[in-house]
Amino acid sequence: MKFAELNLESRLLKNIENLGYKEATPIQEQAIPHIINGKDVAGLAQTGTGKTAAFVIPLIERILLGQKNPTELQGEEKERYEQRAFKDWKGNHFVMILVPTRELAEQVQENIQKLTVDTGLKAFAIYGGTGYDRQKEAFRNGLQFVVATPGRLIDLYKENVIDLKQVRGVVFDEADRMFDMGFKDDMSYLLQRIPRERQFLVFSATLNFDVLNTAYQFGADPVEFNISRDQTKAENVRDEIFHVGDNEKPLHLLSVLKKYKPQQAIIFTNFKVNVERIAQFLTENELPAMAISSLITQAQRTKVMQQFKAENHLNILVATDVAARGLDIKGVDLVINYELPMDCESYVHRIGRTGRAGSEGRAFSLVSDRDIDSLSRIEDYLKHKLTIGFLENQDLLTDFKPFPRYNSGSVKRSPHAQSEGGRDRRPERSKNFRQREDRGPRSGGPKEPRSSDQDQHRNKRHANTNGKHPPTSRPAGEGSSKAPHAKAAHGAKSHAHKEQRHPKSAGSSHPRRDFKRQAPTLKKQTSMKQKVVGFFKSIIGK
Ligand code: ADP
Ligand code: MG
């Protein structure tokens, strides 16, 4: 479907064309016609497939029409108004878009800005870690889109800067991540205070049970789209794992980067205390790297992101999951997981930082015995084994500067560091079993990041692999027959190898976790609606 066929406001169409969008992506093609007619929508589509524009374009159309005076309209325009407009749109009305991180708030705000050129509509990003003055002023000056992390928005509401009764539409982008981050209470707080008659939109590559049921609880009745079907992760990202010993990770990281010479690479680590160390290690080995985590100040974060976006030759960013969600940086051609993330959705989102808008991307994960539990969770979730790759001996470097030891003084701490995208003063509170980026190592200590009981369990799971990478008889890139680039000739052999790698068929007897570990299918979630509404009512107390 071409955007021109949507009969959009001409200034909006021109802005879409100026961005170079001609054909709508599948999620846009499905969601836009419903959103434009005022329907609630829950959209599940792979990373990098244009979800932002899928909700921003129709919302702009609805606002622009809503600003018109219906008594002055005739014919086709009147019809469009009747069908599409936010009726009785007033100067102080606005749409609220909630996102999990500050960087994503900036990016979505920039997207809206590009699509609202010459329309007079204004968007502003609201998040913690920065001063209140500019944000208050933006509200005073009037705006139609507020893109916010929930914590700061609530602070501004409590200071009477924001009137939540003026919200006409609410969007949860990467909604499941916000639930992971312990923002569920904040979401309920906000939803209880906005009018019940509002449009409700939810988007992610990985929606879950909690998100949709909160939506139902608050009266949303979303049309559901599942573009990703059973293929949760982006199709154009070729992902492989390397089995390595824990102390071989620095060598492999360096060797992979030197071999593949990416334009822009993101290296994810689960532990914010490791971010600086990895960046320092790479820099000392002639691969200058930047670092971003919640340990640095917001001003530093902004600067790092700008710098990373601006250069695209052997440009490396080391990050925690603060950069896993939503960020759209076109030149990122390689993602490396220094550790596998502990929750499976994060794997999909991390590797989804490459392969944006149909481009090809590669992702490697360094898997040691400590990552084995995460690996089986991720493979269960994706419903297939990950391709096992390896480096040839000649690609493994022999001479390099060692990985720096942890030094508690080496990282400058932000006064706002404790809560990612959230209120700066709020204590940590997620009860989720998953690792939160901003929670730091589980043990709480700055030493090595896992507790011994976890290690024992991991070692047991890994009994068959001895912490070594697999036999070098198999060329890199081959393995799972489901991997997009796998060569079929080696499929059977690698399958046998992988079966051995997972002696226990993975799974859990815990029904709640089982649900989360499945690649999401919205139909299944809908059918559970009745069962869980009562539960949510009891939590929310409504
Ligand atoms: P998602 O939220 O699904 O991960 P984004 O909304 O960040 O994806 O979009 C990914 C990239 O695709 C962005 O660079 C965006 O500009 C681009 N894009 C979005 N829609 C289109 C389209 N219809 N045609 C071409 N590129 C598009
Ligand atoms: Mg997005």
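The structure we're discussing is the one just above.
Residues numbered from 1 in each chain as written. Chains lettered and ligands numbered in written order. Predicted model: local features only at pLDDT ≥ 70, side-chain atom pairs only at ≥ 80, totals over all residues. Heavy atoms only, no water.

Undergrad: When you look at the site of ligand 1 in this model, what are you seeing that I'm missing?
TA: Tyr21, Gly48, Lys51, Thr52 and Asp328 are the nearest of the 16 residues found near ligand 1. Here Tyr21 contributes a side-chain N or O atom positioned 2.5 Å from an oxygen atom of ligand 1. Take Gly50: an N or O atom from its main chain is 3.1 Å from an oxygen atom of ligand 1. Residue composition of the shell around ligand 1, by class: 3 nonpolar, 8 polar and 5 charged. (Near = heavy atom within 4 Å. Polar contact = N/O pair within 3.5 Å; in protein donor to acceptor, adjacent residues only side chain to side chain. Nonpolar A, V, L, I, M, F, W, Y, C, P; charged D, E, K, R; others polar.)

Undergrad: Got a minute to help me understand the packing of helix α7 (residues 150–158) against helix α9 (residues 184–193) in this structure?
TA: What describes two packed helices is the angle between their axes and the distance between those same axes. Viewed as axis vectors pointing N to C, α7 and α9 meet at an angle of 45°, and their least axial separation amounts to 10 Å. In terms of orientation, α7 and α9 fall into the oblique class. Judged by the twist between their axes, the crossing of α7 over α9 is left-handed. Residue-level inspection shows Pro150, Gly151, Leu153, Ile154, Tyr157 and Lys158 of α7 in contact with α9, the latter providing Asp186, Met187, Tyr189, Leu190 and Arg193. (Axes fitted to C-alpha atoms, helices over the stretch in contact; angles between N-to-C directions. Helix = DSSP H or I, 4+ residues; strand = E, 2+ residues; numbered from the N terminus. Parallel < 35°, antiparallel > 145°, perpendicular 65-115°, else oblique. Left-handed = near helix turned anticlockwise from the far one by under 90°. Contact = heavy atoms within 4.5 Å.)

Undergrad: Can you walk me through the packing of aromatic side chains in this structure?
TA: To describe a pair of aromatic rings, one takes the distance between the centres and the angle between the planes. Evaluated as defined, the whole model comprises 11 aromatic pairs. Centre to centre, the rings of Phe55 and Phe203 are 5.5 Å apart; their planes meet at 40°, and the pair counts as tilted. Of this pair, Phe55 sits in helix α3 (residues 51–66) while Phe203 sits in strand β6 (residues 199–204), placing them 148 residues apart in sequence. Of the two residues, Phe55 and Phe203, neither departs from the other in class, the shared state being buried. Taking the centre distance of 6.1 Å and the plane angle of 85° together, the rings of Phe281 and Phe400 count as edge-to-face. In this pair, Phe281 sits in helix α12 (residues 272–284) while Phe400 sits in the loop between β14 (387–389) and α16 (452–461), placing the two residues 119 residues apart along the sequence. On the basis of relative accessibility, which here comes to 0%, the residue Phe281 falls in the buried class. Since its relative accessible area comes to 29%, Phe400 is described here as partly exposed. Feature note: the residues Phe281, Tyr338, Phe400 and Phe403 constitute an aromatic cluster, connected by ring pairs. Just above the ring of Phe86 sits the side chain of Arg62; from NZ or CZ to the centre is 3.9 Å. In this arrangement the basic side chain of Arg193 is found over the ring face of Tyr189, its NZ or CZ atom lying 3.6 Å from the centre. (Phe/Tyr/Trp six-rings, centres within 6.5 Å; stacked < 30°, edge-to-face > 60°. Buried < 20%, exposed > 50% of the residue type's maximum accessible area, 1.4 Å probe, protein only. Lys NZ or Arg CZ within 6 Å of the ring centre and 35° of its normal.)

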